[in-house]
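Observations on the three-dimensional arrangement
The lines below spell out each chain.
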Amino acid sequence: MSCNNGGKHFRISGIIGIVLFTIIFLISLMGVIRTPGGERGGRWFTPKQNFFIAICLMAFLDEFRYWMMAIDDKYACSSKMWVYALHLLANAAFFGSISIICSMWQNSVGSGKKTVIFSRPVLIVVNCIYLVLVLLLFGLCFTYDDLHDFFRSPAFIIYSMITALKNLFFFSAIVLSGLRILRPLMEAQRHGSDDEMSSKFRGIMLKLVTLIGACTISALLRFVMLCIKIAILSEDYSSDISFTGPEWWLLADFIPRALPSIGFSVIMFGSILTGRATEESKRMREEKDIGESELGKDGISAMKNVNDEPMG
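None of the values given here were measured: they were computed from a predicted structure.

What follows concerns the overall build of the protein chain. When helices and strands are counted, the protein chain shows eight helices and zero strands. Element order for the protein chain, N to C, with α for helix and β for strand: α-α-α-α-α-α-α-α. Total accessible area on the protein chain stands at roughly 16,600 Å², and carbon and sulfur atoms take up 66% of it.

Turning next to the nonpolar core. Membership of the largest hydrophobic core comes to 69 residues, with the highest contact counts inside it found for Y75, W105, F150 and I174. Of all the elements in the fold, those that place two or more residues in this core are helix 1 (8–38), helix 2 (47–71), helix 3 (81–108), helix 4 (120–141), helix 5 (147–151), helix 6 (154–191), helix 7 (195–233) and helix 8 (246–308).

A surface patch of nonpolar side chains, about 260 Å² in accessible area, is lined by I15, V19 and I23. Inspection of the secondary structure puts I15 in helix 1.

What follows covers the packing of aromatic side chains. Applying the stated criterion to the full structure yields 23 aromatic pairs. Arranged with centres 5.7 Å apart and planes meeting at 70°, the rings of W105 and F264 form a pair that is edge-to-face. Separated by 159 residues along the polypeptide, W105 in helix 3 and F264 in helix 8 bring together distant segments of the chain. Look at F150 and F151: their rings are 6.3 Å apart centre to centre, the planes differ by 45°, and that puts the pair in the tilted class. Per residue, the accessibility class of F150 equals that of F151, and both read buried. The rings of Y84, F94, F95, Y130, Y144, F150, F151, F156, Y159, F169, F170 and F171 are connected pair by pair, giving a single aromatic cluster. Over the face of the ring belonging to Y130 we find K166, whose NZ or CZ atom lies 4.5 Å from the ring centre. K229 extends its terminal NZ or CZ atom over the ring of F151, reaching a point 5.2 Å from the ring centre.

What counts, and at which threshold
Residues numbered from 1 in each chain as written. Predicted model: local features only at pLDDT ≥ 70, side-chain atom pairs only at ≥ 80, totals over all residues. Heavy atoms only, no water. Helix = DSSP H or I, 4+ residues; strand = E, 2+ residues; numbered from the N terminus. Areas by Shrake-Rupley, 256 points an atom, 1.4 Å probe, with all protein chains shown as cover. Core = buried A, V, L, I, M, F, W, Y, C linked by side-chain atoms within 4.5 Å. Buried < 20%, exposed > 50% of the residue type's maximum accessible area, 1.4 Å probe, protein only. Patch = residues over 30% accessible without salt bridge, like charges linked within 9 Å, V, L, I, M, F, W, Y side chains within 5 Å. Salt bridge = Lys/Arg side-chain N within 4 Å of Asp/Glu carboxyl O. Phe/Tyr/Trp six-rings, centres within 6.5 Å; stacked < 30°, edge-to-face > 60°. Lys NZ or Arg CZ within 6 Å of the ring centre and 35° of its normal.

Structure, rendered in C-alpha cells:
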C-alpha cells in the first residue's frame, strides 16, 4: 500500500461514511431517549437502551474518521493518529452492542438449549479482554508518525486477526441463537389454527430471518475483507489492490457494521414504539375504569341526594 493511493476515492468514501453514520447516530440517539418510555416503569439502562448507547457511541466516534477522509486526500498517510485511535474505541463500542444482542437472544432461547460459550459471563469476559487490547493499541497508536507505519506494524496486524475472529464469534452467537428462537416459532405456526396468530408468527419469523441473513453476510464480509487487508499490509504481498475506493469501504466497513446496526436498531425501535403504545393503552384503560368507577359513585350519591331532598 502506497501513501500516494487514495485521493478522491477517500473523499467519496468519507462523504458516504459521514451520511451513513450520521443516520445511525440519529436513529440510535432517538432510541436512547425514547427507550425508558417503552419500558415498564420507565426504567433506564435496560439492555435495549444499553444497545442504543453503544451504537450511538460507535457512530459518534467513527464520524471523525470519515470527516478526515472527506477533507484529507491522503488518509492512509495522515499524522492525525487520534482520529484512528477513536475508531479503535468505536470498534469496542460496536462489539459491545453486538454482545448485548447475543445476551438478549440467548435469554430468549429455552433454558435447556442455551450455549455456554455464548453465555453472558463469557461475553463479558471476551469484551473485557478485547477492550484491554483496544486500549493498548489506542496508546500504541500515538507512538507512530503516521497511519501508514501504524498499519504495517505487527501489533496492528495481530489486532486485525483478533478482530476477524471476534466478528465470527459474536455473529455466530447471534445466528445460532436466532435459529434456535426460530425453530419453535415455526412449529407453533405449523400447528396453529388461528389466522391472526399465524400472521403474527410469520411477521416475527420474517424479521428473524432477515436479521440472521444480515448477520451472516456481515460476518463473512468482514472476515474476508480483514484477511485481504492483512495480506495487503504484508511486506511479502505485491498487488495493486488497496483499501481506498468506495467499493472497498462498502464491503469492508459500511455493510458489515451499518447493516446489523441499522437492522437491530430499527427492530428495537419498533418494539419500543409498540411498548409505548401498549403502556399508553393500558394507562387509558385504567383511567377509564377509574373514571367509570367514580362516575358510578357520583351517580349513586346524586340519586341519594335526590331521594333525601324534600318534595315541593
